[in-house]
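Chains, contacts and geometry: an overview
One letter stands for each residue in the lines below.
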Amino acid sequence: IDAVKNCGYSCSYCSIQTMFKEPEISFDQEFAQKVSSLTFDPNKTYHIGTGQSSDALLWGNRNRQLEILCDLARKNKNIILEFKTKSANIDWLISNQPPKNVICSWSLNVQEVIKNEEHLTASLEMRIEAARKIADTKNLVAFHFHPIFEIENWQHEYGKLFELVQKNFTSEEIAFISFGTLTFPKPVLNKIRQYPYMTKILQMPFEPNPEGKLTYPIAIKRSLFSFAYQSFANWHNQVFFYLCMEPAEIWDSVFGRCYRDNHEFEQDLSRGVFK
């Protein structure tokens, strides 16, 4: 559910920069009416995200979007409503206890990547601190380690990041964790070449995937994701882990399992979170 079009952050790799023709940020003035018109089957579960076309928490409750969405979750207990963010703007949520089926999820990366590629976003320390405050309200949180990069000494650097998360949170506080890396449609690469910031994104060893998008070779992905997953070995039976936009063969090599389709995956995720 998109309340805002365009993002105030400037991540060098972000696909949002190719989603809209104009650079202006706009708020949907009919958002309340659109949300109030939604209907849900009470016998089904739903996983709804916000934060794909703009950071979900960057703008706080401007235009009442957090209030409207939390009311939606409160009235529909069979919804998992996910706020995806790289911000630390949680003041409204702390002051207005959201229902338990609202999950704030943070995209995390090593600070060197945040500093050089995720411009204007909250630091790693600020994101962890914000997530800790939300977890202290007894709401579940989630983390997306996406995109993982094959940077210099990547095992050491990402290993420290994974340890930091496990040091600050218990598995019972985590709804799910995802791993992913960059998968680019070619228009995004063209946009990056025009970007005003210096970036190392274009130094990645790209190769086309079956959809014609550019991404890391499979061997590198297997190495990145297997290391990440094994770093959370103590949480394997308590937390739902998944890969973002990866084919079945990589799921099998990392997790020893895969799903037949997206519906089966979402049902499994929902069962894990509600449990």
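Here the structure is a predicted model, which means the values were calculated and not measured.

Taken in spatial order, the 6 strands line up as β4-β5-β6-β8-β9-β13 in an open sheet, and their pairing is parallel. This sheet does not close on itself; its edge strands, each paired only once, are β4 (46-50) and β13 (240-243). Averaged over all adjacent pairs, the angle separating strand axes in this sheet is 20 degrees, with direction ignored. Direction of pairing for β4 relative to strand β5 (residues 79-85): parallel, over a ladder of 5 bridges. Its bridge partner lying in β5, Ile48 is registered against Leu81.

The 3 strands are arranged β10-β12-β11 in an open sheet whose pairing can be described as antiparallel. Each having just a single partner strand, β10 (183-184) and β11 (207-208) make up the two edges of the open sheet. Where β11 and strand β12 (residues 214-215) come together, 2 bridges link them in antiparallel fashion. Across the sheet, Pro208 pairs through a bridge with Leu214, a residue of β12.

Turning our eyes to something else, we now look at the packing of aromatic side chains. For the structure on display, the rule yields 28 aromatic pairs. Both rings, one in Phe145 and one in Phe162, keep their centres 5.0 Å apart while their planes meet at 90 degrees; by these two values the pair is edge-to-face. Taken together, the positions of Phe145 in strand β8 (residues 141-145) and Phe162 in helix α6 (residues 154-168) put the pair 17 residues apart, joining distant regions of the chain. For Phe162, a relative accessible area of 1% gives the class buried. Measuring from ring centre to ring centre gives 5.5 Å for Trp251 and Phe255, while their planes differ by 70 degrees; the resulting arrangement is edge-to-face. One end of the pair, Trp251, and the other, Phe255, are both in helix α9 (residues 248-255), 4 residues apart, so they sit about a helical turn from each other. Relative accessible area serves as the criterion here: at 7%, Trp251 is assigned to the buried category. In this structure, Arg257 packs its charged tip against the face of Phe240, placed 5.8 Å from the ring centre. Between Arg257 and the ring centre of Phe255, over which it is positioned, the NZ or CZ distance is 4.7 Å.

The next subject is the packing of helix α8 (residues 218-231) against α9. Put simply, α8 and α9 touch, their axes get as near as 9 Å, and they point 40 degrees apart. Regarding α8 and α9, the two cross each other, and that crossing is right-handed. When α8 is examined against α9, the residues Ile218, Lys221, Arg222, Phe225, Ser226 and Tyr229 are found in contact with a partner set consisting of Glu249, Ile250, Ser253, Val254 and Phe255. Partitioned by chemical class, the residues of the contact of α8 with α9 number 6 nonpolar, 2 polar and 3 charged.

Further remarks concern the pairing of strand β6 (residues 102-107). Here β6 lies mainly inside the structure; 6 of its 6 residues are buried. Burial of the side chains of β6 extends over both faces: Val102, Cys104 and Trp106 are buried on one face and Ile103, Ser105 and Ser107 on the other.

The subject of this paragraph is the nonpolar core. Note that soluble globular proteins tend to have their nonpolar side chains buried in a common cluster. Among the nonpolar cores identified, the biggest contains 84 residues, and Phe83, Trp106, Phe143, Phe145, Phe169, Ile177 and Phe179 are the most heavily contacted of them. Beyond its immediate stretch of four places on either side in the chain, Phe145 contacts Leu108, Leu161, Phe162, Val165, Ile177, Ser178, Phe179, Gly180 and Phe232.

Turning to the pattern of salt bridges, a few remarks are in order. Counted according to the given criterion, the structure contains 13 salt bridges. Arg74 is paired through a salt bridge with Asp71; the nearest N and O atoms lie 2.9 Å apart. Linking Arg74 with Asp71, this pair stays in helix α2 (residues 65-75), spanning 3 residues, or about one helical turn. Classification of Arg74 as partly exposed rests on a relative accessible area of 36%. Glu264 is paired through a salt bridge with Arg260; the nearest N and O atoms lie 2.7 Å apart. Under the relative-accessibility criterion, Glu264 is labelled partly exposed at 22%.

This part covers the side chain of Glu117. Along the chain, the position of Glu117 falls in helix α4 (residues 111-117). The side chain of Glu117 is buried and forms no salt bridge, while Lys200, the nearest opposite charge, is found at 7.5 Å. Reaching out from Glu117, the side chain makes a polar contact with the side chain of Ser12 at a distance of 2.4 Å. Reaching out from Glu117, the side chain makes a polar contact with the side chain of Thr199 at a distance of 2.7 Å.

The rules behind each value
- Residues numbered from 1 in each chain as written.
- Predicted model: local features only at pLDDT ≥ 70, side-chain atom pairs only at ≥ 80, totals over all residues.
- Heavy atoms only, no water.
- Pairing = 2+ DSSP bridges.
- Helix = DSSP H or I, 4+ residues; strand = E, 2+ residues; numbered from the N terminus.
- Axes fitted to C-alpha atoms, helices over the stretch in contact; angles between N-to-C directions.
- Phe/Tyr/Trp six-rings, centres within 6.5 Å; stacked < 30°, edge-to-face > 60°.
- Buried < 20%, exposed > 50% of the residue type's maximum accessible area, 1.4 Å probe, protein only.
- Lys NZ or Arg CZ within 6 Å of the ring centre and 35° of its normal.
- Left-handed = near helix turned anticlockwise from the far one by under 90°.
- Contact = heavy atoms within 4.5 Å.
- Nonpolar A, V, L, I, M, F, W, Y, C, P; charged D, E, K, R; others polar.
- Core = buried A, V, L, I, M, F, W, Y, C linked by side-chain atoms within 4.5 Å.
- Salt bridge = Lys/Arg side-chain N within 4 Å of Asp/Glu carboxyl O.
- Lys, Arg positive; Asp, Glu negative; His and termini not counted.
- Polar contact = N/O pair within 3.5 Å; in protein donor to acceptor, adjacent residues only side chain to side chain.

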